[in-house]
Amino acid sequence: MSADQLIAHTLEEGQQAIDSLASHSLRIAELLAKTFPAKSLADVAKEMGPQMDKVTAATNPTCLALSEQVREEAAVAVGAFRAAEMWLRLKIPVVSDGNNFGVDVQNYAISELDAMRKAMEAFMTCGKDYHWARAEGIEKLKAGCKADSTTSESTETKDGKPEVKSTKSSSKTDSQTAGFNDYKQYLLNIDVKQYHTAYTSLTDIKNFYMRAHVLFAKNMKRLSDPRGEGEDGGRVHSMSMF
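This structure is a prediction, so every number in the text was calculated from the model and none was measured. Within any chain, residue numbers begin from 1 and follow the written order of that chain's sequence. Two thresholds apply to this predicted model, a pLDDT of at least 70 for residue-level local features and 80 or more for giving and counting side-chain atom pairs, whereas whole-chain, interface and lining totals are computed over all residues. Water and hydrogen atoms play no part in the side-chain values, which are based on all heavy atoms of the structure.

Enquirer: Hey, could you go over the overall build of the chain for me, with residue numbers and the actual values?
Expert: Looking only at helices and strands, the chain has 7 helices and 2 strands in total. Elements are defined by DSSP. Helices are runs of H or I of four residues or more, strands are runs of E of two residues or more, and each kind is numbered from the N terminus. Ordered by position from N to C terminus, the α and β elements of the chain give α-α-α-α-α-α-β-β-α. For every residue, the accessible area obtained with a 1.4 Å probe (protein chains only) is divided by the maximum for its type, and the residue is called buried under 20%, exposed over 50%, and partly exposed between those limits. Taking all 242 residues of the chain together, 36% fall into the buried category. Sequence-distant contacts in the chain: of pairs separated by 6 or more residues, those separated by 24 or more amount to 83%. Shrake-Rupley sampling with a 1.4 Å probe provides the accessible areas, and residues are treated as covered by the protein chains on show and by no other component. Carbon and sulfur atoms make up 54% of the accessible area of the chain, which totals about 14,900 Å². We call two residues in contact whenever any of their non-hydrogen atoms come within 4.5 Å of each other.

Take a look at the structure:
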């Protein structure tokens, strides 16, 4: 593949990404409406409350699924924004004196896309802090559960001689140590917060898509042809001393 072909291919990828911004925003809006029905966080806490009884055995399935969904949507969005940024960079014209207002518009658009992309890159690790905080809480809960063991002895006669036999039994009970119930509430609050974080992250991704779409829709002429000369950075320019 030649340099010109690579540039043409990259421009095509970028254009496709730009054209898909609005549809991605609408898609995530539908996803939000389906995944997050109107309810208060207090209602969410009530629904998740019963899971605290088996919290030491499994991860909250709702929060796990939402965290994975945010990560995947963020990855898709980051890829689209990178392609759109590259399209813009290839549209930057040859450096020259004067008539650079369109180039300023391009640079502004690039800085906006860059800021939104970096914000979404952070969403890709949203589950890391959640799982770490949750694991620490579970550790505290497990510390409040201890095994109680009892030993009983009995004497039996064998071959005319007394023989002592001992039996041991153990049972695991919840030790009502100070703060035990508070740790359960702490874990519940972590789950509820992750639920809300997933909602706000997906909402931000939806809004970033729409902001980028409007940015291109309102400024496409300047962005694609910054000097109004029918020329851009889409082709390789050669420089000569003559």
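Enquirer: Now, about the packing of aromatic side chains: what can you tell me, with residues and values included?
Expert: Side-chain rings of Phe, Tyr and Trp (the six-membered ring for Trp) are treated as a pair once their centres are within 6.5 Å; stacked means planes under 30 degrees apart, edge-to-face means over 60, and tilted covers the remaining angles. With the rule as written, the count across this model stands at 4 aromatic pairs. Measuring from ring centre to ring centre gives 6.0 Å for Trp87 and Phe216, while their planes differ by 70 degrees; the resulting arrangement is edge-to-face. Of the two residues, Trp87 is situated in helix α4 (residues 61–91) and Phe216 in helix α7 (residues 180–224); the sequence distance between them amounts to 129 residues. Taking relative accessible area as the criterion, Phe216 reaches 2% and is therefore assigned buried. Counting every residue linked through ring pairs, the aromatic cluster contains Phe36, Tyr195 and Tyr199.

Enquirer: Explain the side chain of Ser67 to me, using residue names and the numbers behind them.
Expert: Along the chain, the position of Ser67 falls in helix α4. Residue Ser67 is classed as buried on the basis of its relative accessible area, which comes to 7%. Think of a polar contact as two N or O atoms within 3.5 Å of one another; within protein, one of them needs to be a possible hydrogen donor and the other a possible acceptor, and neighboring residues in sequence only count if both atoms come from side chains. Engagement of the side chain of Ser67 in a polar contact is seen with the backbone oxygen of Cys63, the distance being 2.8 Å. Once you skip the residues sitting within four places of it in the chain, Ser67 turns out to touch Cys126, Gly127, Tyr130 and Gln194.

Enquirer: Break down the pattern of salt bridges for me, citing the residues and quoting the values.
Expert: We define a salt bridge as a side-chain nitrogen of Lys or Arg found within 4 Å of a carboxyl oxygen belonging to Asp or Glu. For the coordinates displayed, the defined rule picks out 10 salt bridges. Salt-bridge contacts for Glu47 lead to Lys39; the nearest nitrogen and oxygen are separated by 3.0 Å. You can call Glu47 partly exposed: its relative accessible area is 49%. Under the relative-accessibility criterion, Lys39 is labelled partly exposed at 32%. Here the salt bridges do not stand alone but share partners, grouping Arg82, Glu85, Asp114, Arg117, Lys118 and Glu121 into one network.

Enquirer: How would you summarise the nonpolar core if you had to cite specific residues and measurements?
Expert: Throughout, nonpolar core names a set of buried Ala, Val, Leu, Ile, Met, Phe, Trp, Tyr and Cys residues whose side chains join them through atoms within 4.5 Å. In this structure, Phe81, Leu88, Leu113, Met120, Ile205, Tyr209 and Phe216 are the most contacted members of the largest nonpolar core, which totals 51 residues. Contributions of two or more residues to this core are made by α1 (3–19), α2 (21–35), α3 (41–48), α4, α5 (101–123), α6 (126–143) and α7. For Phe81, the contacting residues outside a window of four places in its chain are Leu21, Leu113, Met116, Arg117, Met120, Phe208, Tyr209 and Ala212.

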